[in-house]
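Listed below, chain by chain, are the residues.
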Amino acid sequence: MGHWTPTQINDQSGRTFIVTGANSGIGFETTRQLAARGARVVIATRNETKGRVAVARIEAAQPGAAVEFRMLNLADLDSVRAFAAAILSDGIVVDVIVNNAAVMYPPRLLTPQGFESQFATNHLGHFALSGLLFETIRRGRDARVVTITSIEHKGGSIHFDDLAGERSYSPRAFYQQSKFANVLFGLELDRRVRAAGVPVRSVLAHPGYANTNLQSSGPTGLMRQLMKISNPLFAQSAAMGALNELYAAVDPAAESGRLYGPDGLGEMRGHPTELQPATSARNERTARDLWELSEELTGVTWQL
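Note that the structure is a prediction, hence the values are computed from the model and not measured. (Residues numbered from 1 in each chain as written. Predicted model: local features only at pLDDT ≥ 70, side-chain atom pairs only at ≥ 80, totals over all residues. Heavy atoms only, no water.)

Considerations on the side chain of Arg70
- Of note, Arg70 is situated in strand E3 (residues 66-71).
- Owing to a relative accessible area of 16%, Arg70 belongs among the buried residues under this scheme.
- Sequence-distant contacts of Arg70, defined by excluding residues within four places in its chain, comprise Val42, Ile43, Ala44, Thr45, Phe83, Ala86, Ile87, Asp90 and Ile92. (Helix = DSSP H or I, 4+ residues; strand = E, 2+ residues; numbered from the N terminus. Buried < 20%, exposed > 50% of the residue type's maximum accessible area, 1.4 Å probe, protein only. Contact = heavy atoms within 4.5 Å.)

Written out as structure tokens, the structure reads:
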């Protein structure tokens, strides 16, 4: 695909995107590029002040941009349901949802529903949101569910016997679990839409190592200090990291069931290219088990 850049994005007028966690970082850069090409973009984030500031920044740079803020806390399934209900009530046809928001390496925290915060925010919230909106997404033009994972998924597994980390908790191990779950979900959704003949692409992307608030808002102690040092030395910009999810969200050549990420050494930086998920993340039995468990935990049953 060469050195793909946003200049290759076609006109997006008449299409609606939801980008979670879009008030900063790669989500903001994704929104900015989509809005510049005529898309309507819903910035879905839990911080109203930051969400409205993001809208104002884009509107100031792009007068007439169709960008709006809506409150969404992915860690709280009540918030997820309220957000989805409002989108459906307003009759919005969602062409693409970009499951971008994430938390990384926090101390062990439980959500209002009692789930570990990284698994809840990064996986369960997006699983529920995409499922609740799927009836409108499937009516979209070149409809896509884009799920953002991480290089860290390669070290992950699903702790089916200790999802909340009650017996043993490591911030990194549970982040890896959540990013592993993202890949299992994206690939399983691809299998299910293909089997059902539903014209929706399920595409995965990861940003490599991008310099964003993710590294400073979650980690504590020594890990936070290490991130402060490594980010400016090794990380690429948020704008470069966003290229991968932009490609997955809009490029005609982005295929369902594929993972796109940086083409540089170690998948850390560079332009979008197709990558291979971890072998363990392609295990169909694990993916089915996670899907069924996710439906049970969220109370959201996908209508495929």
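Focus on the sheet that holds strand E8 (residues 272-275)
- Strand order in this open sheet of 8 strands is E3-E2-E1-E4-E5-E6-E7-E8, and the pairing throughout is mixed. Two strands in the sheet have a free side with no partner beyond their single neighbour: E3 and E8. Across this sheet, the average inter-strand angle for adjacent strands is 25°, counted without regard to direction.
- Both strand E5 (residues 144-148) and strand E6 (residues 201-205) contribute to a ladder of 5 bridges, which runs parallel. From the neighbouring strand, Arg144 faces E6, where its bridge partner is Arg201.
- Packed on one face of the sheet, helix H1 (residues 25-36) meets strand E1 (16-20), strand E2 (40-45) and E3 and runs near 165° to E1. (Pairing = 2+ DSSP bridges. Axes fitted to C-alpha atoms, helices over the stretch in contact; angles between N-to-C directions.)

As for the pattern of salt bridges
- Overall, the coordinates contain 17 salt bridges when judged by the stated rule.
- Where Arg138 meets Glu135, a salt bridge forms, and the shortest distance between an N and an O atom there is 3.3 Å.
- The partner of Glu188 in a salt bridge is Arg192, with the nearest N and O atoms 2.7 Å apart. Residue Glu188 and its partner Arg192 are located together in helix H6 (residues 171-196), separated by 4 residues, close to a single helical turn.
- With relative accessibility at 5%, the residue Glu188 sits in the buried group.
- By relative accessible area, Arg192 is classed as partly exposed at 24%.
- In the salt-bridge network here, residues are joined through shared partners; they are Arg40, Glu68, Arg70 and Asp90. (Salt bridge = Lys/Arg side-chain N within 4 Å of Asp/Glu carboxyl O.)

Section: the pairing of E3
- Sheet topology note: the E2/E3 ladder contains 6 bridges and is parallel. Looking across to E3, one finds that Arg40 is bridged to Ala66.
- Regarding topology, helix H2 (residues 48-61) serves as the crossover connection from E2 to the parallel E3, and that connection is right-handed. (Right-handed = clockwise from strand over helix to strand, strands pointing away.)

Here's the deal with the packing of aromatic side chains
- In this structure the tally under the stated criterion is 11 aromatic pairs.
- Between Trp4 and Tyr247, the ring centres sit 5.4 Å apart and the planes meet at 90°, which makes this aromatic pair edge-to-face. Remark: Tyr247 occurs in helix H9 (residues 238-250) and Trp4 occurs in the segment before E1; sequence separation between them is 243 residues. By the burial criterion, Trp4 is buried, and Tyr247 matches it.
- Between Phe127 and Trp291 the ring centres are 5.1 Å apart and the planes differ by 80°, which places this aromatic pair in the edge-to-face class. Of this pair, Phe127 sits in helix H4 (residues 117-132) while Trp291 sits in helix H10 (residues 284-298), and the two are 164 residues apart along the sequence.
- Clustering of aromatic rings is evident, with ring pairs tying together Phe127, Phe134, Phe185, Trp291 and Trp302.
- The ring of Phe28 has Arg57 sitting right over it, with the charged end atom 4.0 Å from the ring centre. (Phe/Tyr/Trp six-rings, centres within 6.5 Å; stacked < 30°, edge-to-face > 60°. Lys NZ or Arg CZ within 6 Å of the ring centre and 35° of its normal.)

Section: helix H3 (residues 77-89)
- Between its first and last C-alpha, H3 extends 18 Å over 13 residues, near the 18 Å set by a 1.5 Å rise per residue.
- The set of residues buried in H3 consists of Leu77, Ser79, Val80, Phe83, Ala84 and Ile87. Down the axis, H3 shows its buried residues gathered within 155° of arc, on one side only. H3 presents Asp78 and Ser89 as exposed residues on the side facing more than 90 degrees away from its buried surface.
- For H3, the N-terminal cap is Asp76; the gap from its side-chain oxygen to the backbone nitrogen of Asp78 is 3.0 Å.
- Just past H3, the residue Gly91 takes up positive phi, approximately 70°. (Expected span 1.5 Å × (residues − 1). Arc of directions from axis to C-beta. Polar contact = N/O pair within 3.5 Å; in protein donor to acceptor, adjacent residues only side chain to side chain.)

Some remarks on H9
- In this model, H9 (13 residues) spans 18 Å end to end at C-alpha, consistent with the 18 Å of a helix rising 1.5 Å per residue.
- Asn244 marks the point of greatest bend in H9, at about 30°.
- Taken across its 13 residues, H9 has 11 buried, putting it largely inside the fold.
- Buried within H9 we find Ala238, Gly241, Ala242, Leu243, Asn244, Glu245, Leu246, Tyr247, Ala248, Ala249 and Val250. (Bend = angle between axes of the 7 residues up to and from the residue.)

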